[in-house]
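Spelled out, the chains give:
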Amino acid sequence: MKRRTVVMGLTAAAAAPAVGFAASARAATRTSAKSADTSLVFDPDDYTELTTSITDADGTAHEVVYHFHKVASYVADPVDTTYQSLNVSVPVTIDGTAVDASGAPIVFVIGVGGYMPSSVSGNTGIGGAGFGGGTSRGQLALAAGYVVVEAGARGRSLVDSSGVYYGTAPAAIVDLKAAVRYVKYNKGRIPGNVNRIVTSGTSAGGALSSLLGASGDSPLYDSHLAELGAADASDAVFAVGAWCPITDLEHADMAYEWCYGTLPLRSGSLADQTLSAELSSAYGDHLTSLKLTAKGFGRLTARNLDAYLVRTHLEPSATKYLAALSDADRETYLTANTSIAWSDGKASFSWADFLAHQGTRSKDVPAFDDFDLSTPETNLFGTGTTAARHFTLFSLQHEEGGSARLAEDIPAKLNMMNPMYHLVEDVNDKRSKHWWIRDGALDSATSLSVVGNLHARLKNLGDDVSTSYYWDAGHGADEDPGEFIAWIARVSGHKGPVAK
């Protein structure tokens, strides 16, 4: 028997920068029992109706009434429902006008940071959890009339009572794929257009967002999804939003030294220059293997990648920033930053000038597969009761000798965790064709070439790519969330909230 209970109360959620969020009273809850054989069937009548005020990127407040659905698990055989669950938020009225969200885009918010576990099971309304602006994007999407899915996922630090790590690679991406499959399996039951799913994530969440877009329906994950009892549906997504993705991990140490090897650490000391030079040199061979090309540069190599990044991405970023300043403020900025030239309304500088502007690096060498197995990424590749393992030959052989070989399962896990594998080595025609990629120009959490290479490869494949570096911004920056929401409308063909 179904029951309808009216609950009066106040919901609350943290606001991200530029987006005010104030929850207000009013909730109507419906519950219904679900039998085991319908565990993957979404119940559209099981929701809490909430009212909230969301201030958009332009500073306008909107009253949004929405249905908040909690799904106990998106797989039939969950390992841990605390993480393998999702929430669905569906707008009902916006500023007093009833809306029909049945054909709206679905924004798939990924709250993962640092490849750590992410849970939405305790949320009582949209925006209860998130990372690096992900919650803000979800709120903005809801106010625009989109359906919002917030999915949890297992992460690298989870350990069971026997000391076994059960959230290491590839658990997070498998979980998120299962969540996408759940949404698509429930076409017609979950409101929204399941053929217009747009992912959103930052840092490790940005890497996973990119990976969802690149690896749609790849058979590499089939056995893992089957073990969880994932829904029999596609896990391909329509479009990707990725902010400062920490990805391409097997080459990340090389990329970092190529980018920042000559810069001092924030302590003022230099990283080991011999190790840095070895890794930087190896990066040249990797770039050659990618066979990337860019307009005006031809084949990208270690000799012209710096110029490509400067001309294609960094100078336009600085130009946009400086052009938005008043004449007086621009003059003050340029006086304090003499490595940047300004002429005819455009910024210009060399790669060496940019590094001088950057000033320091935030990670030692190796930056990701460090020798003492203390980085998050070495934990990501842990297994069983082993908390962390080397995932590059460089670090493994440095510690164990030149004859050491990576564990047998590592190469396959690297492929499952790297979007570039699905874009270069095994080109996936089920990938997303629309990409929104952002990074901070002063983000030294990973090499700036990671986003640059991803952009170049997607362009080479003919995909629609919007890439931008935020000038003088660091890791996790999101300076144009409103533009992201508008971009979703453009690429999806959505005309805005449809009145009922």
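Residues numbered from 1 in each chain as written. Predicted model: local features only at pLDDT ≥ 70, side-chain atom pairs only at ≥ 80, totals over all residues. Heavy atoms only, no water.

### Things to note about the overall build of the chain
Let me state the cut-off plainly: Runs of H or I in DSSP of at least four residues are treated as helices and runs of E of at least two as strands, each being numbered from the N terminus. For this measure, only C-alpha atoms enter the radius of gyration; the expected value for a globule follows 2.2 Å times N^0.38, where N is the number of residues. Burial classes follow relative accessibility: with a 1.4 Å probe on protein chains only, a residue under 20% of its type's maximum area counts as buried, one over 50% as exposed, and anything between as partly exposed. Should any heavy atoms of two residues lie within 4.5 Å, those residues are considered in contact. Each accessible area is a Shrake-Rupley result for a 1.4 Å probe, and residues are judged covered by the shown protein chains and nothing else.
A tally of helices and strands in the chain yields 15 helices and 17 strands. A globule of 500 residues ought to have a C-alpha radius of gyration of about 23 Å, and the chain, at 23 Å, matches this closely. For the chain, buried positions account for 58% of its 500 residues. Considering only contacts in the chain between residues 6 or more positions apart, those separated by 24 or more positions represent 72%. Accessible surface, the chain: about 19,300 Å² in total, of which carbon and sulfur atoms supply 51%.

### Focus: the side chain of threonine 467
Structurally, threonine 467 can be placed in strand β16 (residues 464–470). Filtering out sequence-adjacent residues up to four positions away, threonine 467 remains in contact with His313, Ile437, Arg438, Val451 and His455.

### Examining unusual backbone geometry
Between alanine 169 and the following residue, proline 170, the backbone shows a cis peptide bond with an omega angle of 5°. Its identity as a non-glycine residue notwithstanding, aspartate 95 has a phi of 55°, on the positive side. Along the chain, the position of aspartate 95 falls in the loop between β5 (86–94) and β6 (97–100). Judged by its relative accessible area of 44%, aspartate 95 falls in the partly exposed class.

### Observations regarding helix α7 (residues 305–323)
Residues spaced three or four apart along an α-helix point in a common direction, a consequence of the helix completing one turn every 3.6 residues. Condition: The span one expects for a helix is its residue count, reduced by one, times 1.5 Å. Here the bend at each residue means the angle between axes fitted to two seven-residue stretches, the one ending at that residue and the one beginning there.
With 19 residues, α7 extends 26 Å between its outermost C-alpha atoms, agreeing within 8% with the 27 Å of an ideal straight helix rising 1.5 Å per residue. Most pronounced at arginine 311, the bend in α7 amounts to some 40°.

### Notes on the pattern of salt bridges
Worth spelling out the cut-off: Should a side-chain nitrogen of Lys or Arg be within 4 Å of a carboxyl oxygen of Asp or Glu, the pair is scored as a salt bridge.
Tallied over the full model, the rule gives 13 salt bridges. The partner of lysine 177 in a salt bridge is aspartate 235, with the nearest N and O atoms 2.9 Å apart. Of this pair, lysine 177 sits in helix α2 (residues 171–185) while aspartate 235 sits in the loop between α4 (222–228) and β10 (239–243), and the two are 58 residues apart along the sequence. Relative accessible area serves as the criterion here: at 0%, lysine 177 is assigned to the buried category.

### Things to note about the packing of aromatic side chains
We apply this condition: Two aromatic rings from Phe, Tyr or Trp, using only the six-membered ring of Trp, form a pair when their centres are within 6.5 Å; if the ring planes differ by under 30 degrees the pair is stacked, by over 60 it is edge-to-face, and anything between is tilted. Geometrically, a lysine NZ or arginine CZ counts as sitting over a ring once it is within 6 Å of the ring centre and also within 35 degrees of the ring normal.
Under the criterion given, the structure shown has 16 aromatic pairs. Pairing phenylalanine 371 with phenylalanine 394 gives two aromatic rings, centres 6.4 Å apart and planes at 25°, and the pair type is stacked. One end of the pair, phenylalanine 371, is in the loop between α9 (351–358) and α10 (376–380); the other, phenylalanine 394, is in helix α11 (residues 393–400), with 23 residues separating them in the sequence. Classification of phenylalanine 371 as buried rests on a relative accessible area of 18%. Taking relative accessible area as the criterion, phenylalanine 394 reaches 24% and is therefore assigned partly exposed. Among the aromatic residues, those joined into a ring-pair cluster are Trp258, Tyr283, Phe349, Trp351, Phe354 and Trp471. The ring of tryptophan 436 is capped by arginine 438, whose NZ or CZ atom sits 3.6 Å from the centre of that ring.

### Structural notes on the environment of glycine 114
Summarising the element assignment, glycine 114 is placed in the loop between β7 (106–110) and α1 (134–143). Using a relative accessible area of 28% as the deciding quantity, one classes glycine 114 as partly exposed. Here glycine 114 is in contact with Arg156, Ala204 and Pro376, once residues within four sequence places are set aside.

### Here's the deal with the pairing of strand β3 (residues 48–55)
Stated formally: Any two strands between which DSSP finds at least two bridges are classified as paired.
Among the eight residues that make up β3, six are buried, leaving the element largely enclosed by the rest of the structure. For β3 and strand β4 (residues 61–71), the ladder comprises eight bridges, and the chain directions are antiparallel. Paired with leucine 50 across the bridge in β4 is tyrosine 66.

### So, the nonpolar core
Counted only if it meets this: As used in this record, nonpolar core signifies buried Ala, Val, Leu, Ile, Met, Phe, Trp, Tyr and Cys residues forming a set joined through side-chain atoms within 4.5 Å.
In terms of nonpolar packing, the biggest core is built from 105 residues, with Leu86, Phe108, Leu314, Phe349, Trp351 and Phe381 touching the most fellow members. Broken down by element, the residue count for this core peaks at nine residues, all from α2. The residues touching phenylalanine 108, leaving out its near neighbours within four places in the chain, are Val149, Ala151, Leu176, Ala179, Val180, Ile197, Val198, Thr199, Ser200 and Leu212. Residues Leu50, Leu140, Ala473 and Val491 belong to the second largest nonpolar core, which totals 30 residues.

### A word on the confidence of the model for the chain
Rules: For every residue, the predictor reports its confidence as pLDDT, a number between 0 and 100.
For the chain, per-residue confidence averages 91 on the pLDDT scale, and residues scoring 70 or more make up 91% of the total. Scored below 50 in pLDDT, residues 128–135 makes 19 contacts in the model with residues more than four places away or belonging to other chains.

### Side note on the pairing of β6
A regular strand carries its side chains on alternate faces of the sheet. Looking at chain direction, β5 and β6 are connected through two bridges and run antiparallel. Bridge assignment links isoleucine 94 to a residue of β6, and that residue is threonine 97. Between the end of β5 and the start of β6, which pair antiparallel, lie two residues, with aspartate 95 showing a positive phi angle near 55°. Of the strand pairs in this sheet, β6 and strand β17 (residues 498–499) are connected by two bridges, and their pairing is antiparallel.

### Digging into the packing of α7 against helix α8 (residues 327–336)
Put simply, the rule reads: Axis lines are fitted to C-alpha atoms, over the contacting stretch for helices. Their N-to-C directions set the angle, which ranges from 0 to 180 degrees. For classification, angles of less than 35 degrees are called roughly parallel, those exceeding 145 degrees roughly antiparallel, those between 65 and 115 degrees roughly perpendicular, and all remaining angles oblique. Note on residue categories: nonpolar means Ala, Val, Leu, Ile, Met, Phe, Trp, Tyr, Cys or Pro, charged means Asp, Glu, Lys or Arg, and polar means any other residue, Gly included.
One way to put it is that α7 packs onto α8 with a least axis distance of 9 Å and a crossing angle of 135°. When the interaxial angle is binned, α7 and α8 end up oblique. Here Tyr321, Leu322 and Ala323 of α7 come into contact with α8, specifically with Arg330, Tyr333 and Leu334. A per-class count over the contact of α7 with α8 returns five nonpolar, no polar and one charged.

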